[in-house]
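What follows is the residue order along each chain.
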Amino acid sequence: SVLSLSQVSSKFGIKMNLTRTLVLGATGGTGIRLVEQMLNKISDGTTTTTTLRVITRSKERFHKLFPVPVASPQDKPNSLEVIEASLLDMTDEEFMKAIEDCDVVVSCLGHNMTMKG
């Protein structure tokens, strides 16, 4: 069976204090759902993550999906960091800077399934 992080930490007495999570593919089908859940959990304090960092090709698209009041709750103004970049165009140094200080990196990268593949 699969255990959640909180179950693993309880079972083995490991203290988990994940503070910054980076999401790749935040505006895709899976990424949108993940970001929405994470922002809600940050806002209501049900996660140890205090900052969500995303890399998106378009800040404009991201903020249309997640308007500022939702994306940056008033009681947690620094809970969201948005980096506008295409992963394929980032240098190694830029990518290393983006993952710096992140405890977790979640990849929601993918592509739309079409007859073209």
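Located above this text is the structure these notes cover.
Reading the values: rules and limits
Residues numbered from 1 in each chain as written. Predicted model: local features only at pLDDT ≥ 70, side-chain atom pairs only at ≥ 80, totals over all residues. Heavy atoms only, no water. Patch = residues over 30% accessible without salt bridge, like charges linked within 9 Å, V, L, I, M, F, W, Y side chains within 5 Å. Areas by Shrake-Rupley, 256 points an atom, 1.4 Å probe, with all protein chains shown as cover. Salt bridge = Lys/Arg side-chain N within 4 Å of Asp/Glu carboxyl O. Lys, Arg positive; Asp, Glu negative; His and termini not counted. Charge placed at Lys NZ, Arg CZ, Asp CG, Glu CD. Helix = DSSP H or I, 4+ residues; strand = E, 2+ residues; numbered from the N terminus. Buried < 20%, exposed > 50% of the residue type's maximum accessible area, 1.4 Å probe, protein only. Core = buried A, V, L, I, M, F, W, Y, C linked by side-chain atoms within 4.5 Å. Contact = heavy atoms within 4.5 Å. Polar contact = N/O pair within 3.5 Å; in protein donor to acceptor, adjacent residues only side chain to side chain. Pairing = 2+ DSSP bridges. Expected span 1.5 Å × (residues − 1). Arc of directions from axis to C-beta.

Novice: I would appreciate a short explanation of a negative patch on the surface in the present structure.
Specialist: Together, Asp-89, Asp-92, Glu-93 and Glu-94 make up a region of like negative charge exposed at the surface. Mapped onto the elements of the fold, Asp-89 is located in the loop between strand S3 (80–84) and helix H5 (92–99).

Novice: Is there a simple way to think about the pattern of salt bridges in this case?
Specialist: A pair can form between side chains of opposite charge whenever their charged atoms are brought close. Counting across every chain of the model gives three salt bridges. For Glu-81, the salt bridge identified is with Arg-53, shortest N-O distance 2.5 Å. Taken together, the positions of Glu-81 in strand S3 and Arg-53 in strand S2 (residues 51–56) put the pair 28 residues apart, joining distant regions of the chain. We classify Glu-81 as partly exposed; its relative accessible area is 24%. When its relative accessible area of 9% is taken as the criterion, Arg-53 is described as buried.

Novice: When you look at the nonpolar core in this model, what are you seeing that I'm missing?
Specialist: Soluble globular proteins: nonpolar side chains tend toward being buried together. Counting residues in hydrophobic clusters, the biggest one holds 13 residues, and the most contacted among them are Val-23, Val-35, Leu-52, Val-54 and Phe-62. Among all residues touching Phe-62, those that are not within four sequence positions of it are Ala-26, Thr-27, Val-35, Val-54, Thr-56, Leu-80 and Val-82. Residues Leu-22, Leu-24, Met-90 and Ala-98 belong to the second largest nonpolar core, which totals seven residues.

Novice: Where do I start with unusual backbone geometry in this structure?
Specialist: Excluding glycine, residues mostly carry a negative phi; peptide bonds, for their part, are mostly trans. Despite not being glycine, Asp-101 has its phi angle at roughly 70°, a positive value. One can find Asp-101 in the loop between H5 and strand S4 (104–107). With a relative accessible area of 54%, Asp-101 lands in the exposed category.

Novice: What am I meant to see in the environment of Arg-20 here?
Specialist: Note that Arg-20 resides in strand S1 (residues 20–24). Residue Arg-20 is classed as buried on the basis of its relative accessible area, which comes to 18%. In sequence terms Arg-20 and Cys-102 are 82 residues apart; their C-alpha atoms lie 4.9 Å from each other. Once you skip the residues sitting within four places of it in the chain, Arg-20 turns out to touch Thr-51, Arg-53, Glu-81, Glu-100, Asp-101, Cys-102, Asp-103 and Val-104. At 3.3 Å, the side chain of Arg-20 forms a polar contact with the side chain of Glu-81.

Novice: So what exactly am I meant to see when it comes to the pairing of S1 here?
Specialist: Two faces belong to every sheet, and in a regular strand the side chains alternate between them. Here S1 lies mainly inside the structure; five of its five residues are buried. The alternating pattern of S1 places Arg-20, Leu-22 and Leu-24 and Thr-21 and Val-23 on opposite faces, both of which are buried. Bridge analysis of S1 against S4 gives four bridges, and the strand direction is parallel. Considered in S4, the bridge of Val-23 is made with Val-106.

Novice: Any chance you could explain helix H2 (residues 29–44) here in plain terms?
Specialist: Side chains that are three or four residues apart share a direction in an α-helix, a result of its 3.6 residues per turn. Counted at 1.5 Å a residue, the expected span for H2 with its 16 residues is 22 Å, and the 24 Å between its end C-alpha atoms agrees. All of the buried residues in H2 are Gly-31, Val-35, Met-38, Leu-39 and Ile-42. For H2, the arc enclosing every buried residue in end-on projection is 100°, short of the 170-degree limit, so these residues lie on one face. Residues of H2 that are exposed and angled more than 90 degrees away from the buried face: Thr-30, Arg-33 and Asp-44.

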